[in-house]
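Tertiary structure, described
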Amino acid sequence: MAEVTNQAIIALLGEKFGDKVMNVDEPYGLLTFETTTDVLINVLQFLKENSVANFNFLTDITAVHYPEKKHGLAVVYHLHSMVQRIRVRIKVYVDAQHPIVPTATTVWNGANWMERETYDFFGVKFEGHPDLRRILNMDELGVHPMLKQYPLEDPNRVDKKDEYFGR
Amino acid sequence: MSHNQPIYTDNDPQSELVTLNLGPTHPATHGVFQNVLQLDGERIVSGVSTIGYIHRAFEKIAEHRPFYQITPLTDRLNYCSSPINNMGWHMTVEKLLNIQMPKRVDYLRVIIMELARISDHIICNTIIGQDTGATTTFLYLFQFREHIYEIYEEICGARLTTNVGRIGGFERNFNDIAFAKINKFLKEFPVALREFENLLNRNRIFIDRTAGVACVTPEQALDYSWTGPLLRATGVDYDVRVSEPYSSYDEFDFEVPVGTRGDIYDRFLVRNEEMWQSVRLIEQALEKLKKEPAGIFHADVPEFYLPAKEEVYNNMEALIYHFKIVMGEIDAPKAEVYHAVEGGNGELGFYLINDGGRTPYRLHFRRPSFINYQMFAPMSKGMLLSDAIINMSSMNIIAGELDA
């Protein structure tokens, strides 16, 4: 079987989705690109079902918060083609105030808990998710703790001020 | 309580279903797992898993710690095979920093990672035996976990949460006692493992309890993002050590065992065979070590590798580097890196985003237990309660990794 290169996959995606596939990069050999929420599921479905790329496996879903950016919440998908032994990283930037992303549970059932975790920690609302509840934190928490505005510890504690520890 | 909360209790007087709270602390589940099950007699009609009882916010803590202080956090993910997590994290940072390890360090890492894999599989397989009623096998093989912990003790001083190795190598060389203990282990363990297999592999009671129970097809397993022995038991030969070799695994000769039906018996056999392969790997690594210069146990990267204490007190450069590393002021490239290792339960991934600061901007752990466990409640439907218990044992869910 011929080796499939990152360039070949980008060419495939470019042909299909045009300028919806943006900022292509290869940090440490891992193909990374951005896309938009409206075509996200189509991109995932296309990569999964395309016989050349064959990204049959959803490795991970998570998010990253960049408070200084306009669209400050990046939802990151890692896909893996076990046949071709290549990975791809897909990012979608959404507004941190109203983070709405379509669910990937329609493509992989395994996305269910990964999306629940991302919702729990970042507040990303996955539209169409069958059971979008908190998963690791308590239901009464009220905030999404991995967002950068929430400090690691309660700032009102007097016994653990950073200055006492030279930080 | 939100509107989409599952209904735990069934107050309908006409209903014959019984609600059973299995967990959070149930002696049969070996860890903090809560499953609220609806039972019709002994059959499970539906189940809801509740997790997060030992969530410790590692990803948040990691955003406030320099790289070398994150190693102890990884210990506490899958605490049955801490060295694999430690090494996975070191390799992630080394990949970010573009550090090449000397061959000897790679081989030492293979030894300790394979020991960890054996100890992880010992725990899982003996507990499957225990849960099917074979206490002898549990006690018999479990002592070798103790021997592995004694080897850890020689190498790093700790037993369970090892914190072994440093970014750029190991903190100290393996001593002669460690090698003697490894050799002793390699001599004694195969005998015990053979006997363990003789007790269970063709045991009628064991086969009746496990074969054909909780069958999973490869399609289902891939759909639910399963990895590790669970995925291999269904017949998919995916192993990170082979598909993306790290730590010189490509130089070793070993096999990836696969099952055919994906039932509990297959998972048991796959793990057993992996222990044999791990023994082979350790033997090969010891053989390769003989050809390497004996004194090397870390890469020559003083700006990233914590210097020895004697050096720090007597040598100006070492003091400077020590200070820079401890204060988290190393020059790491601003980049994103994903690195995966084959953990005891599957693909353990580290997604690290560095923005040039003292701490990671974001660190995400791809925890195999968390992702494997989500299929437990759906697949329990229609299963007998006692089968669901051994199904959970055979999935080898480690609470620390599940909840991070």
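Cut-offs applied
Residues numbered from 1 in each chain as written. Chains lettered and ligands numbered in written order. Predicted model: local features only at pLDDT ≥ 70, side-chain atom pairs only at ≥ 80, totals over all residues. Helix = DSSP H or I, 4+ residues; strand = E, 2+ residues; numbered from the N terminus. Buried ≥ 20, exposed ≤ 12 C-beta atoms within 10 Å, placed from the backbone. Contact = placed C-beta atoms within 7 Å. Rg over C-alpha atoms; globule rule 2.2 N^0.38 Å. Pairing = 2+ DSSP bridges. Axes fitted to C-alpha atoms, helices over the stretch in contact; angles between N-to-C directions. Parallel < 35°, antiparallel > 145°, perpendicular 65-115°, else oblique. Nonpolar A, V, L, I, M, F, W, Y, C, P; charged D, E, K, R; others polar. UniProt positions renumbered as here; feature names shortened; annotations may be inferred. Core = buried A, V, L, I, M, F, W, Y, C linked by C-beta atoms within 7 Å. Left-handed = near helix turned anticlockwise from the far one by under 90°.

Some words on the overall build of chain A
Helices and strands together make up the secondary structure of chain A, namely three helices and seven strands. Walking chain A from its N terminus toward its C terminus, one meets helices and strands in the order α-β-β-α-β-β-β-β-α-β. Viewed in the frame of its principal axes, chain A has a C-alpha envelope of about 65 × 40 × 30 Å. Out of the 167 residues in chain A, the part that is buried amounts to 40%. The contacts in chain A between residues at least 6 apart in sequence include a share of 51% that link residues at least 24 apart.

A short note on the overall build of chain B
Along chain B, the regular secondary structure elements total 17 helices and six strands. The C-alpha atoms of chain B give 22 Å as radius of gyration, which agrees with the globular expectation for 404 residues (22 Å, within 12%). Classification of the 404 residues of chain B by burial places 49% in the buried group. At a minimum sequence separation of 6, the contacts of chain B that also span at least 24 residues come to 70%.

Comments concerning the pairing of strand β2 (residues 34-40) of chain B
Residues and elements named next belong to chain B. Sheet topology places strand β1 (residues 18-22) next to β2; five bridges connect them, and they run antiparallel. When the sheet's bridge partners are listed, T19 is paired in β2 with Q38. Once β2 ends, the chain turns through two residues before running back antiparallel as strand β3 (residues 43-50), passing G41 with a positive phi of about 65°.

Brief notes about the packing of helix α4 (residues 103-131) of chain B against helix α16 (residues 385-395) of chain B
For any two helices packed against each other, the geometry is given by the interaxial angle and the distance between the axes. Residues and elements named next belong to chain B. Interhelical geometry of α4 versus α16 gives an angle of 170° and a closest axis separation of 8 Å. Of the possible angle classes, the one that applies to α4 and α16 is roughly antiparallel. Mapping the contact onto sequence places I127, I128 and D131 in α4 and I389, I390, S393 and S394 in α16. Among the residues making up the contact of α4 with α16, the classes are represented as four nonpolar, two polar and one charged.

Considering the UniProt feature "domain: NADH-quinone oxidoreductase subunit D" (unreviewed entry) in chain B
The positions UniProt marks with the feature "domain: NADH-quinone oxidoreductase subunit D" (unreviewed entry) are residues 131-403 of chain B. Counting secondary structure, residues 131-403 of chain B comes out at 52% helix and 8% strand; the distance between its end C-alpha atoms is 24 Å.

Focus: the sheet that holds strand β1 (residues 22-25) of chain A
Two modes of strand pairing occur in sheets, parallel and antiparallel, and in both the strands are linked by backbone hydrogen bonds. All names here are of chain A. Taken in spatial order, the five strands of this open sheet run β1-β2-β5-β4-β3, and their pairing is mixed. Each end of this open sheet is capped by a strand with a single partner; those strands are β1 and β3 (57-65). Between one strand and the next, the sheet's axes are offset by a mean angle of 15°, whatever the strand orientation. One ladder, built from eight bridges, connects β3 with strand β4 (residues 73-81); its direction is antiparallel. For T62, the partnering residue across the bridge sits in β4 and is V76.

Overview of unusual backbone geometry
Backbone geometry at Y28(A) places phi at a positive 55°, although glycine is not the residue there. Along the chain, Y28(A) turns up in the loop between β1 and β2 (31-35). Classification of Y28(A) as partly exposed rests on a count of 14 C-beta atoms within 10 Å. Of note in the backbone geometry, A214(B) takes a positive phi value of approximately 60° without being a glycine. With respect to the element layout, A214(B) can be found in the loop between α7 (204-210) and α8 (218-223).

Here's the deal with α16(B)
Residue and element names in this part refer to chain B. Within α16, eight of the 11 residues are buried, which leaves the element mostly enclosed by the surrounding structure. Among all positions in α16, only D387, A388, I390, N391, M392, S393, S394 and M395 are buried. Looking at the residues trailing α16, positive phi occurs at N396, about 50°.

A word on the nonpolar core
In terms of nonpolar packing, the biggest core is built from 153 residues, with V75(A) and I111(B) touching the most fellow members. With 14 residues, α4(B) is the single largest residue contributor to this core. Those residues within four positions of V75(A) in sequence are excluded, and the remaining contacts are A63(A), V92(A), V94(A), V101(A), T118(A) and V124(A).

A look at the packing of helix α5 (residues 135-156) of chain B against helix α6 (residues 176-200) of chain B
Residues and elements named next belong to chain B. It is the contact of α5 with α6, at a shortest axis distance of 10 Å, that shows an interaxial angle of 165°. Taken as axis vectors, α5 and α6 run roughly antiparallel relative to one another. Both α5 and α6 take part in a crossing whose hand is left-handed. Contacts between α5 and α6 involve T136, T137, Y140, L141, F144, H147, I148, E150, I151, E154 and I155 from the first element and I177, A178, K181, I182, F185, F189, A192, F196, L199 and L200 from the second. Considered class by class, the residues forming the contact of α5 with α6 number 15 nonpolar, three polar and three charged.

Focus: the sheet that holds β2(B)
All names here are of chain B. With antiparallel pairing, three strands are arranged side by side in an open sheet as β1-β2-β3. In this open sheet, the two strands that pair with only one neighbour each are β1 and β3. For this sheet the average axis-to-axis angle between neighbouring strands, irrespective of direction, equals 20°.

A closer look at the environment of R362(B)
If you trace the backbone, R362(B) turns up in strand β6 (residues 362-366). With 23 C-beta atoms counted inside 10 Å, the residue R362(B) sits in the buried group. Remark: the alpha-carbon pair of R362(B) and Y224(B), spanning 138 residues in sequence, is separated by 25 Å. Every residue in contact with R362(B), bar those within four places of it in the chain, is listed here: V64(A), E63(B) and I353(B).

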